[in-house]
Amino acid sequence: MNGKVVVITGGTSGIGQVAAEALAAQGARVVLVARDKARGEATLKRLKPGQAHSLYIADLASIGATRALAAQIAAAEPRIDVLINNAGALFNSRRLSPDGLELTFALNHMAYFVLTEGLLDRLKATPGARVVSTASRAHQGSRLDFEDLQAAKSYSGFEVYGRSKLANILFTRELARRLAGSGVVANCLHPGFVATRFGDQSGGMLQRLMPLAKLMAVTPKAGADTIIHLASSPEVESQTGLYFYKRMPVAPSAEAQDDAAAARLWAESERLAAQAG
Ligand SMILES: NC(=O)c1ccc[n+]([C@@H]2O[C@H](COP(=O)([O-])OP(=O)(O)OC[C@H]3O[C@@H](n4cnc5c(N)ncnc54)[C@H](OP(=O)(O)O)[C@@H]3O)[C@@H](O)[C@H]2O)c1
């Protein structure tokens, strides 16, 4: 990864932090996105020095902040070899983002969409560029309800989280389709069930059960492995539009292979992003 630039969200904790450290250790220069300056600076200190890593602060639940972030990074970075969309969360009760969107949808899906769109020119200008998005097996059993994407009619933290992870896979499919022939590849992954800080701030029963559930989870190092593989391995340089688990492409649910839903989600995301100003 010597000489390569990796932009990563959610790099201040869990699997994102392990991936940022590993890619820096391989020689990449890391552009770290954090919502909290102190946590961002603490992670920067863990990265192998010598490559002028940089830190940007943004609340990725805000479309305006994510768009401004993308513009700042694009202005500073003539090349972007890898964009890793990874920040995400699950919320036990329904909350709204600064734009009035349901918070899980805003953070887990819209941030991936807006940041990728904002960095697309830089990715296209970089030979062999890659977009890697962290999805989840939690998408299994989910279906997008285009009449209620903001879960205003009914809310369950698990269900809404599952739909946001389905959105990550549909986003990757449509992105890969749109990028065909551009030289940029886009893939997503399930990291496994991983003992990170995930769920610790969800609230409710989930937050109380998490410490027990995590006894069965794999380590952040194991969870980050497929992210690192997709970001850096020559083996996957020409694979695109796929969903990986343990370094292998696997079939996601039938709903996650629905190209009409992928195109509709893209159009709806564009509309919501434009509406946010
Ligand atoms: N853990 C699992 O079992 C599992 C399974 C499948 C998929 N995933 C996915 O893996 C990804 C990473 O999760 P993780 O397990 O590593 O969890 P984690 O330890 O909770 O890390 C989440 C990361 O997202 C950042 N983040 C949260 N809200 C943000 C916001 N509004 N703006 C900017 N950054 C924000 C966090 O920042 P702070 O450091 O400031 O909190 C942190 O860096 C997520 O997309 C999750 O859905 C996890």
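If you're wondering where the values come from, they're calculated on a predicted model, not measured in any experiment. (Residues numbered from 1 in each chain as written. Predicted model: local features only at pLDDT ≥ 70, side-chain atom pairs only at ≥ 80, totals over all residues. Heavy atoms only, no water.)

K.L.:
Any chance you could explain the layout of surface pockets here in plain terms?
P.N.:
Empty space among the atoms can be located by rolling a probe the size of a water molecule over them. Counted as a void, the largest pocket has a volume near 1200 Å³. What lines the largest pocket is a set of 49 residues, among which Gly88, Ala89, Leu90, Phe198 and Gly199 lie closest to the centre. Contributions of two or more residues to the lining of the largest pocket are made by helix 1 (14–25), strand 2 (29–34), helix 4 (103–124), helix 5 (157–178) and helix 6 (204–213). Broken down by class, the residue content of the lining of the largest pocket amounts to 25 nonpolar, 15 polar and nine charged. (1 Å grid on protein atoms, 1.4 Å probe; cavity = no way out; pocket = protein on both sides within 12 Å on 5 of 7 lines; lining within 4 Å. Points joined across faces, edges and corners; volume = space filled by probe spheres on them. Helix = DSSP H or I, 4+ residues; strand = E, 2+ residues; numbered from the N terminus. Nonpolar A, V, L, I, M, F, W, Y, C, P; charged D, E, K, R; others polar.)

K.L.:
So what exactly am I meant to see when it comes to the nonpolar core here?
P.N.:
Across soluble globular proteins, nonpolar side chains have a tendency to be buried as a group. If you look at the biggest cluster of nonpolar residues, it comprises 57 residues, and the most contacted ones within it are Val7, Leu69, Ile73, Met110, Leu119, Leu123 and Leu175. Elements represented by at least two residues in this core include exactly strand 1 (5–9), strand 2, helix 3 (63–76), helix 4, helix 5, strand 6 (185–190) and helix 8 (259–275). No other element matches helix 4, which puts 13 residues into this core. Not counting residues up to four positions away in its chain, the partners in contact with Leu69 are Val33, Tyr56, Ala58, Leu60 and Leu115. (Core = buried A, V, L, I, M, F, W, Y, C linked by side-chain atoms within 4.5 Å. Buried < 20%, exposed > 50% of the residue type's maximum accessible area, 1.4 Å probe, protein only. Contact = heavy atoms within 4.5 Å.)

K.L.:
Would you mind going over the packing of aromatic side chains with me for this structure?
P.N.:
Summed over all chains, the structure comprises four aromatic pairs. Relative to Trp266, the ring of Phe113 has its centre 4.9 Å away and its plane inclined at 75 degrees; by these criteria the two rings are edge-to-face. Highlighted residues: Phe113 in helix 4 and Trp266 in helix 8, separated in sequence by 153 residues. Just as Phe113 is buried, Trp266 falls in that class too. Measuring from ring centre to ring centre gives 5.8 Å for Phe171 and Trp266, while their planes differ by 10 degrees; the resulting arrangement is stacked. Placement of the pair is Phe171 in helix 5 and Trp266 in helix 8, with a sequence separation of 95 residues. What makes Trp266 buried here is its relative accessible area of 5%. Counting every residue linked through ring pairs, the aromatic cluster contains Phe113, Phe171 and Trp266. (Phe/Tyr/Trp six-rings, centres within 6.5 Å; stacked < 30°, edge-to-face > 60°.)

K.L.:
Looking at this structure, I do not really get the site of the ligand. What am I missing?
P.N.:
Around the ligand sit 29 residues in total, of which Thr12, Ser13, Arg39, Tyr161 and Thr196 are the nearest. Tyr161 places a polar side-chain atom, nitrogen or oxygen, 2.6 Å from an oxygen atom of the ligand. One of the side-chain nitrogen or oxygen atoms of Lys165 is found 2.9 Å away from an oxygen atom of the ligand. Protein coverage of the free-state accessible area of the ligand, which is 910 Å², stands at 95%. Of all the cavities here, the one that holds the ligand is the largest pocket. Broken down by secondary-structure element, the contributors of at least two residues to the shell around the ligand are helix 1, helix 4 and helix 5. Here the shell around the ligand is composed, by residue class, of 13 nonpolar, eleven polar and five charged. (Near = heavy atom within 4 Å. Polar contact = N/O pair within 3.5 Å; in protein donor to acceptor, adjacent residues only side chain to side chain. Areas by Shrake-Rupley, 256 points an atom, 1.4 Å probe, with all protein chains shown as cover. Sits in = over half its atoms within 2 Å of the grid points.)

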